[in-house]
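# Summary of the model geometry
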Amino acid sequence: MSNVYVLDHPLIQHKLTYIRKKETGTKDFRELVDEVATLMAFEITRDLPLEDVSVDTPVVDNATAQVLSGKKMGLVPILRAGLGMVDGMVDLIPAAKIGHVGLYRDPETLKPVEYYVKLPSDIEDRELIVLDPMLATGGSAIEAINSLKSRGAKQIRLMCLVAAPEGVELMQEAHPDVDIYLAALDEKLNDKGYIVPGLGDAGDRLYGTK
Ligand code: URA
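What this report covers is the structure whose coordinates are included nearby. (Residues numbered from 1 in each chain as written. Predicted model: local features only at pLDDT ≥ 70, side-chain atom pairs only at ≥ 80, totals over all residues. Heavy atoms only, no water.)

Once that is clear, we can look at the overall build of the protein. Of regular secondary structure, the protein possesses six helices and 13 strands. Since a compact globule built from 210 residues should have a radius of gyration of about 17 Å, the 18 Å found for the protein is in line with a globular shape. Once the C-alpha set of the protein is aligned to its principal axes, its extents read approximately 65 × 40 × 30 Å. A buried classification covers 43% of the 210 residues belonging to the protein. Across the protein, contacts joining residues at least 24 apart in sequence account for 62% of those joining residues at least 6 apart. (Helix = DSSP H or I, 4+ residues; strand = E, 2+ residues; numbered from the N terminus. Rg over C-alpha atoms; globule rule 2.2 N^0.38 Å. Buried < 20%, exposed > 50% of the residue type's maximum accessible area, 1.4 Å probe, protein only. Contact = heavy atoms within 4.5 Å.)

When you tally the buried positions in strand β8 (residues 127-131), you get five out of five residues, the bulk of the element. Residues of β8 alternate between two faces, with Glu127, Ile129 and Leu131 on one and Leu128 and Val130 on the opposite face, all of them buried. Sheet analysis places strand β4 (residues 73-79) next to β8, joined by five bridges and oriented parallel. Residue pairing in the sheet places leucine 75 in a bridge with isoleucine 129 of β8. Pairing analysis gives five bridges linking β8 to strand β10 (residues 155-163), with the strands arranged parallel. For leucine 131, the partnering residue across the bridge sits in β10 and is methionine 159. (Pairing = 2+ DSSP bridges.)

Let us now look at the packing of helix α4 (residues 139-150) against helix α5 (residues 165-174). It is at 9 Å that the axes of α4 and α5 come closest, and there the two elements cross at 20°. When the axis of α4 is compared with that of α5, the two are roughly parallel. The handedness of the crossing between α4 and α5 comes out as right-handed. For the pair α4 and α5, the contacting residues are Ala141, Ile142 and Ile145 in the first and Leu170, Met171 and Ala174 in the second. (Axes fitted to C-alpha atoms, helices over the stretch in contact; angles between N-to-C directions. Parallel < 35°, antiparallel > 145°, perpendicular 65-115°, else oblique. Left-handed = near helix turned anticlockwise from the far one by under 90°.)

Another point: the nonpolar core. Membership of the largest hydrophobic core comes to 37 residues, with the highest contact counts inside it found for Ile19, Met89, Met159 and Leu161. Every element with two or more residues in this core is listed here: α1 (10-20), α2 (26-44), β4, α3 (86-92), β8, β10, β11 (179-185) and α6 (202-207). A per-element tally of this core places α2 first, with eight residues. Those residues in contact with methionine 159, other than ones at most four positions away along the chain, are Ala37, Met40, Ile44, Met85, Met89, Ile129, Val130, Leu131, Asp132 and Tyr181. (Core = buried A, V, L, I, M, F, W, Y, C linked by side-chain atoms within 4.5 Å.)

Here it is, written out as structure tokens:
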């Protein structure tokens, strides 16, 4: 699948296995999601542009070295499960600004409805990474990205732990310009909308609710 990147680093895959296990309790689940988000942040930022600068080292003056070339980043967790990925990302991208998008599913239409949006004022200048652990039907992530684009966002990536092929396909149709970064592309959705094999309800497992 073009523009879908499965981040198959062994540490990501190892930790994801423990995230999937039903015996993993809230504390460990949260810590593992945090760690995987950090590892994914490392991979997703591989292509950030660098620029040359001159530094004086203890050994020599005017050595050429590189720093990030001032690209402005933004993280946009989709409430509520996306929040579980924020701290791990911020560990590596501490200057990122953080916006939030909240959506609920209308019980009649089953369509996602926006109930909360708060974004950095300059989103059109930022490289945004939308965070949602599960890309299942794709409905929420597509709607969240619609919302960001309608407010001027131009550069958007999507980062999820686990996706179903059905959700990836719909996302690619709706937003072909958005690259998708995953820890795993799973088999399918079941008839209750859960990803198989998946990890269950990410929000409930992160926050200990049911
Ligand atoms: N949301 C989740 O949290 N888990 C799934 O499997 C699908 C959607």
